[in-house]
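The primary structure of each chain is shown beneath.
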Amino acid sequence: MGRLRVLLAGAAFGLLGCSGDRVLGDYPPSTCDLAEPPREFSDEPFSIATFWADREQAALETLRARVDSDRYLISTEQIGTRVEVQRHISDAFESQKLPDVFQVNGGSDVLRWVRERAPEATDVCPLDRLRDRDQWGDRYFPEALEPLSCHGNLYALPVGIHHLNVLFYNRELWSALADHARERGVELLQPEQLTTPYELLEQLRQIAALEASKAKPITPLALGNESEWPLTIVAFENVLLSLSRDAYETLWMGGLEGASEERRSTLRQTLQEMLAVLRELQSFSDASRSVSWQDALRQVGAGVALLTITGDWGFAQLDAESRAKVETISFPGTTDTFVYTPDSFAVPRELRKNGFPARSFLEDIVASKPALIDFANAKHAIPPRNDLSDTEVAALASENLRATYQQFARCGANKSCKLLLAVSGLAPPPGTDPCFDEMDSLLAFAVTGHDPSSDSSVPRRCASPIPSTSKEAEARLLDLLLQVAQRRFAADCR
């Protein structure tokens, strides 16, 4: 996709009449005016760019359905992945042909457009006047707004919060396997009893041995290999974190800046250990490139696979019958940490538009508690607001959602449980360095042995030679990660 097809419905050029409050008073006129909508208008194009895919689009529909269709012509485009959205938005800023709002994760996706600039010169619009007027600062979890802010200015509004260090398992299948193992003198630990990735690996070994004699053995661990990014989440937000929270923070928060060679060596060794654990985990999975992360969830729900590892957005891939059979726990060794990302919307600065469609979407829909609850139930992302009443918490459709909301609230107030922003919010965003952009593919090559260069349609821009073996890919990956650990992206905003 060479450009943002989300704009095919057209863009509104020229200033439309306003009935009142031009909230930010931008000059020259741009979407950052976030003007009050006119009293009378119709057929106004309103465009949204997202990276929600497959059944996740049902969650977007809960927001779309609240837009006044008599007044707005809604155009949405699913642009593959978060990385592709960021790249396309970067290109679209050059042409000033932009969506009215676009989806971002909290952290790097937003801060890249505002760092080292005054609010009137940023590429995405400050939302401060709306925030202050509607008291968003008091009504949202601070940890939900902080990754979307720079020097006290708010640049995006969260619609949901996801939990990333999550192990999914089929409860009925685990119980049957435990009974089968007990008959053969083997005692399986319950999932919540697992405290390290090595204990998880030992359980997988025992289960694989028990299943080996069956005509149709179950898959102990389903991992989606169709795309590269799901393995990155397993690697960093789950395995690395379980091995060492200090290593996670050192890597993604600039912990090697000015550090000793001994500290560099320690991080490198932990990263090598992470890769070794990932290879073992991969050995219990179907390594086929045709298996997507969505397939992995559905296999667990159907009982043909026991476990998978991904963010809690995975629940959106399960039908009601399967969802009733699936449980989640924090990945072994990470129960004291909640890795999160705020799904959010930002408004790009575009000249000759006054931004009233974006304003309507943010204040009337994204900030609406009923809309957030509907969205949470469809997307399985907890509401980012801290002011839900007991009745509103009870309206969350599953016990898992309610428990996750309460866990996030406790972690924010209780230092015994730490909230950590996901890698997507801490790492250099797409386009920072063309070699950094290859880290997902290098990780996949190092762990699975699949050479990604053979099926990539994107022109390569990194000057370093393409690795020819998985061992070379591992060495390149470790070198890049150690470079990342020497600086903190958008440090002036954090």
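Summary of the structure given here. (Residues numbered from 1 in each chain as written. Predicted model: local features only at pLDDT ≥ 70, side-chain atom pairs only at ≥ 80, totals over all residues. Heavy atoms only, no water.)

1. Some remarks on the state of the cysteines
The cut-off we apply is this: Cysteine sulfur pairs qualify as disulfides if the two atoms are within 2.5 Å. A run of DSSP states H or I qualifies as a helix once it reaches four residues; a run of E qualifies as a strand once it reaches two. Both are numbered from the N-terminal end. Three exposure classes are used, based on accessible area relative to the maximum for each residue type with a 1.4 Å probe and protein chains only: buried under 20%, partly exposed in between, and exposed over 50%.
Tallying each qualifying case throughout the model produces four disulfides. In this model, Cys 32 is linked to Cys 125 through a disulfide, with the two sulfur atoms separated by 2.0 Å. The sign of the -85° torsion about the S-S bond sets the Cys 32-Cys 125 disulfide as left-handed. Remark: Cys 125 occurs in the loop between α3 (108–111) and α4 (128–134) and Cys 32 occurs in the segment before β1 (44–50); sequence separation between them is 93 residues. Owing to a relative accessible area of 0%, Cys 125 belongs among the buried residues under this scheme. One disulfide bridge connects Cys 150 with Cys 493, the sulfur atoms lying 2.1 Å from each other. With the S-S bond torsion at -75°, the cross-link from Cys 150 to Cys 493 turns out left-handed. With Cys 150 in strand β4 (residues 149–150) and Cys 493 in the segment after α20 (470–484), the pair connects residues that are 343 residues apart, well separated along the chain. A relative accessible area of 11% means that Cys 493 is categorised as buried.

2. So, the environment of Phe 436
This is how it is decided: What makes two residues a contact is simply this: any of their non-hydrogen atoms within 4.5 Å.
With respect to the helices and strands, the residue Phe 436 is situated in the loop between α18 (423–426) and α19 (439–448). The class of Phe 436 is buried, set by a relative accessible area of 8%. Placed 45 residues apart in sequence, Phe 436 and Leu 481 show a C-alpha to C-alpha distance of 8.4 Å. Each residue touching Phe 436, except ones within four places of it in the same chain, is listed here: Pro 428, Leu 480, Gln 483, Val 484 and Arg 487.

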